[in-house]
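# Descriptive structure summary
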Amino acid sequence: MSETIIERFLPDAEATDALGRALAATQPAQAVVYLHGDLGAGKSTLARAWLRALGVEGPIRSPTYTLVERYPIPEGEAMHLDLYRIAGAGELEFLGLDEAGAALWLVEWPERGAGSLPVADLQVELAVRGQGRAVRLLAMSTAGGEWVKRLEIRSDLRPLPE
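Here's what I pulled together on the structure shown here. (Residues numbered from 1 in each chain as written. Predicted model: local features only at pLDDT ≥ 70, side-chain atom pairs only at ≥ 80, totals over all residues. Heavy atoms only, no water.)

## Observations concerning the pairing of strand β3 (residues 68-73)
Sheet topology places β3 next to strand β4 (residues 76-82); six bridges connect them, and they run antiparallel. Within β4, the position partnered with Glu69 by the bridge is His80. (Pairing = 2+ DSSP bridges. Helix = DSSP H or I, 4+ residues; strand = E, 2+ residues; numbered from the N terminus.)

Take a look at the structure:
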């Protein structure tokens, strides 16, 4: 697969919400997404906007302490994982993750679960840039490549400034 990348700038919270809505509107029926970025880069904020766009109502909790939060969505179940606090991939077996049961995986700190997670379709890299965030979307599978192509045509995502 050839590398398919989108780079954009998120100047504020509304832009992050818009990206979450765009990702939700264009995602395939089954998707695994790895969310990368330092603490405070906006991974949980993006995940929250994405889940809201999929119709999740009520509180959307950060999985920082629970490690995984599950949400019903029309396509099945969305799982939001934060693996920052695990020591290694072996700890994932105790979380009761069922790969077949989730339509969407949003995984923060996926490198800590390397080898025990499903392969990503999309990698999202967030970085603080001034008052906003730089975001890089990288397709990691054929489905991810098609997904990125659908995102590329959206005019509501701002280019990354030089």
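We are not done yet, so read on.
## What about the packing of aromatic side chains?
One pass over the full model with this rule turns up two aromatic pairs. Considering the side-chain rings of Trp50 and Trp147, the 5.9 Å spacing of their centres and the 75° angle between planes classify their relative orientation as edge-to-face. With a gap of 97 residues between them, Trp50 in helix α2 (residues 43-53) and Trp147 in helix α3 (residues 142-152) connect regions that are remote in the sequence. (Phe/Tyr/Trp six-rings, centres within 6.5 Å; stacked < 30°, edge-to-face > 60°.)

## So, helix α1 (residues 13-26)
Given 3.6 residues to a turn, an α-helix orients residues that are three or four positions apart in the same direction. Between its first and last C-alpha atoms α1 spans 20 Å; for 14 residues at 1.5 Å apiece the expected length is 20 Å, and the two agree. Where α1 is buried, its residues touch β1 (5-10), α2, β6 (122-129), β7 (132-139) and α3. Backbone nitrogen of Glu14 and a side-chain oxygen of the N-cap are separated by 3.3 Å at the start of α1; the cap is Asp12. (Expected span 1.5 Å × (residues − 1). Contact = heavy atoms within 4.5 Å. Polar contact = N/O pair within 3.5 Å; in protein donor to acceptor, adjacent residues only side chain to side chain.)

## Some words on α3
Of the residues making up α3, those classed as buried are Gly144, Gly145, Trp147, Val148 and Leu151. The buried residues of α3 occupy one face: seen down the axis, they fall within an arc of 160°. Looking at the packing, one finds that the buried side of α3 touches β1, α1, β2 (31-36), α2, β6 and β7. (Buried < 20%, exposed > 50% of the residue type's maximum accessible area, 1.4 Å probe, protein only. Arc of directions from axis to C-beta.)

## Observations regarding the environment of Gly101
Within the secondary structure layout, Gly101 lies in the loop between β4 and β5 (104-108). Taking the C-alpha atoms as reference points, Gly101 and Gly76, separated by 25 residues in sequence, lie 7.3 Å from one another.

## Some points on the pattern of salt bridges
As enumerated under the stated definition, the model contains six salt bridges in all. Here Glu14 makes a salt bridge to Arg21, at a shortest N to O gap of 2.7 Å. Of the residues examined, Glu14 reaches a relative accessible area of 46% and is grouped as partly exposed. On the basis of relative accessibility, which here comes to 39%, the residue Arg21 falls in the partly exposed class. It is possible to trace a salt-bridge network through shared partners that takes in Glu7, Glu125 and Arg136. (Salt bridge = Lys/Arg side-chain N within 4 Å of Asp/Glu carboxyl O.)

## Quick look at the nonpolar core
Within the largest apolar cluster, 33 residues are counted, with the highest numbers of intra-cluster contacts made by Val33, Trp50, Leu104 and Val124. It is α1 that contributes the most residues to this core, five residues altogether. Residues in contact with Leu104, not counting those within four places in the same chain, are Gln27, Ala31, Val33, Trp50, Leu54, Ile73, Glu77, Ala78 and Met79. (Core = buried A, V, L, I, M, F, W, Y, C linked by side-chain atoms within 4.5 Å.)

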